[in-house]
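Coordinate inspection notes
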Amino acid sequence: WNMDEVVQTLNRCNQSHIIELVPELLNEGSKHPIYQQLTTINVENSCKYFRNATEHQDINNIEYSPLQDVVDLQKDNLLHPFEGIGLRFLRLGKVAAVILSGGQGTRLGFPGPKGMFDKLGLISGKTIFQIHIEKIMKIRLLSADKDHPARIPIYVMTSDLNHSTIMEFFKSSNYFGYPSEDIVFFEQGLEPCFSNDGKIIIENH
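Structure report, in brief. Along each chain, the written sequence defines residue order, and numbers are assigned to residues from 1. Thresholds applied to this predicted model are a pLDDT of at least 70 for local features of residues and 80 or more for the giving and counting of side-chain atom pairs; totals over whole chains, interfaces and linings are not thresholded and use all residues. The basis for every side-chain value is the complete set of non-hydrogen atoms in the structure, without hydrogens or water.

**A word on the overall build of the protein**
Here a helix means four or more residues in a row that DSSP labels H or I, a strand means two or more in a row labelled E, and each is numbered from the N terminus. Of regular secondary structure, the protein possesses eight helices and three strands. Reading the helices (α) and strands (β) of the protein from amino to carboxyl end gives α-α-α-α-α-α-β-α-β-α-β. At 23 Å, the protein has a C-alpha radius of gyration far larger than the 17 Å of a compact globule built from 205 residues. Each principal axis of the C-alpha distribution contributes one length, and for the protein these read about 65 × 50 × 35 Å. The buried share of the protein, taken over its 205 residues, is 29%. Two things to know: the radius of gyration comes from C-alpha atoms, and the globule rule equals 2.2 Å times the number of residues to the power 0.38. Relative accessible area decides the class of each residue, using a 1.4 Å probe on protein chains only: under 20% of the type maximum gives buried, over 50% gives exposed, and in between gives partly exposed.

As C-alpha cells, then:
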C-alpha cells in the first residue's frame with residue numbers, strides 16, 4: 001500500500017471524508033496511525049458488510065414476537081437426559097469452551113481486560129478469568145472416567161488492545177492449574193464503526 005492507493009480506495013468507497021477530516025494524513029503518510037489502521041483492514045469489504053447489513057432493513061418497522069414455547073428442563077424431567085448427553089460428548093472430546101475477552105473493563109472502572117477484574121466482593125479475591133477456568137475444570141473432572149479422560153480445550157479471544165496482557169496474565173497465574181496446552185489464545189479481527197449514512201467514523205472527529 002502507498003498513499004495514492006489509500007486515497008483511491010477511500011474515494012472508490014465513498015469515504016473521502018477521512019482525508020477531509022484528517023488532512024495531515026496526506027503529508028505524514030505511513031507514519032500516521034490512521035494510515036496504519038486503514039492498511040490493516042479491507043475498506044472495500046468493510047463497506048460491503050455495512051451495506052449488506054443495512055440494505056432493505058427498516059429497524060423502525062421490525063416486529064418482535066415473544067417466544068411461544070419455553071421448555072423448563074427440570075419441570076419436564078429433561079435435565080437428567082440432557083446432562084447425560086452433555087457428559088458423553090465431553091468424554092468424547094467433542095466439546096470446547098470459548099471465553100470472549102476482547103474488551104476492556106471500562107464499565108467496571110478497571111483499566112485492564114475485564115477478565116482480570118478481581119473486585120467482585122469475594123473473600124478469595126479471584127478474578128473473572130479464574131472463576132471461568134475453575135468452572136470448566138470442575139466440568140472436566142465431573143465428565144472424566146477411566147476409559148475416556150475428559151479434555152476440554154479453552155479458546156480465549158483477545159484483541160489488539162489486550163492480547164499480550166492476557167497471555168502474560170495466564171502465564172504468570174500458571175494457567176490457574178489448567179493444562180496450558182489446552183488453552184489457545186486468538187486475536188479477534190477489527191472492523192471500523194460506521195455512521196447511519198455509511199461513513200467510517202474517525203475517533204475525536
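Okay, back to it.
**Some remarks on the sheet that holds strand E3 (residues 183-187)**
Strand order in the open sheet made by the three strands is E1-E2-E3, with parallel pairing throughout. A strand with exactly one partner marks an edge of an open sheet, and here the two such strands are strand E1 (97-100) and E3. Taking the axes of each pair of neighbouring strands and ignoring which way they run, one obtains an average angle of 20° across the sheet. The criterion for strand pairing is that DSSP finds at least two bridges linking the strands in question. One ladder, built from five bridges, connects strand E2 (residues 154-158) with E3; its direction is parallel. Directly across from Tyr155, in E3, lies its bridge partner Val184. The contact criterion used is simple: two residues touch if any of their non-hydrogen atoms lie within 4.5 Å. Here an axis means a line fitted to C-alpha atoms, over the contact stretch when the element is a helix, while the angle between two N-to-C directions is reported on a 0 to 180 degree scale. Against the sheet, helix H7 (residues 128-142) touches E1 and E2, its axis set at about 170° to E1. Along the sheet face, helix H8 (residues 163-172) touches E2 and E3 and points at about 170° away from the line of E3.

**Let's talk about unusual backbone geometry**
One non-glycine residue, Asn14, lies in positive phi territory at about 60°. If you trace the backbone, Asn14 turns up in the loop between helix H1 (3-12) and helix H2 (17-21). Backbone geometry at Asn174 places phi at a positive 55°, although glycine is not the residue there. With respect to the secondary-structure elements, Asn174 resides in the loop between H8 and E3.

**Some thoughts on the pattern of salt bridges**
The term salt bridge refers to a side-chain nitrogen of Lys or Arg lying within 4 Å of a carboxyl oxygen of Asp or Glu. This structure, assessed with the given rule, holds five salt bridges. The partner of Lys126 in a salt bridge is Glu134, with the nearest N and O atoms 2.7 Å apart. Between Asp182 and Arg151 there is a salt bridge, with the nearest N and O atoms lying 2.5 Å from each other. Here Asp182 is found in the loop between H8 and E3, whereas its partner Arg151 is found in the loop between H7 and E2, with 31 residues between them in sequence. You can call Asp182 buried: its relative accessible area is 4%. What makes Arg151 partly exposed here is its relative accessible area of 48%.

**Considering H8**
Every buried residue belonging to H8 is among Ile166, Phe169 and Phe170, and all of these are buried. The buried side chains of H8 occupy one side of the element, clustering within an arc of 95° when seen end-on. Across H8 from its buried face, at more than 90 degrees, point the exposed residues Ser164, Lys171 and Ser172. Of the residues one or two after H8, Asn174 is the one with positive phi, at around 55°. Taken from the helix axis, the directions to the C-beta atoms give the arc we talk about.

**Some points on a nonpolar patch on the surface**
There is a patch of nonpolar side chains on the surface, built from Val71, Leu73, Leu78, Phe82, Ile85, Phe89, Leu92 and Val95 and spanning about 630 Å² of accessible area. Along the chain, the position of Val95 falls in the loop between helix H6 (79-91) and E1. Candidates for patches are residues over 30% relative accessible area with no salt bridge; among them, like charges are joined within 9 Å and nonpolar side chains (Val, Leu, Ile, Met, Phe, Trp, Tyr) within 5 Å. Method for areas: the Shrake-Rupley scheme with a 1.4 Å probe, in which residue coverage is limited to the protein chains shown.

**What to know about the state of the cysteines**
Only a pair of cysteine sulfur atoms within 2.5 Å qualifies as a disulfide here. This structure, assessed with the given rule, holds zero disulfides. For the unlinked cysteine Cys193, the closest cysteine sulfur is that of Cys47, found at 13 Å.

**A short note on the side chain of Thr127**
Tracing the chain through its elements places Thr127 in the loop between E1 and H7. In this view, Thr127 contacts Gly115, Met116, Phe117, Asp118, Phe169 and Phe176; residues no more than four positions away in its chain are not counted.

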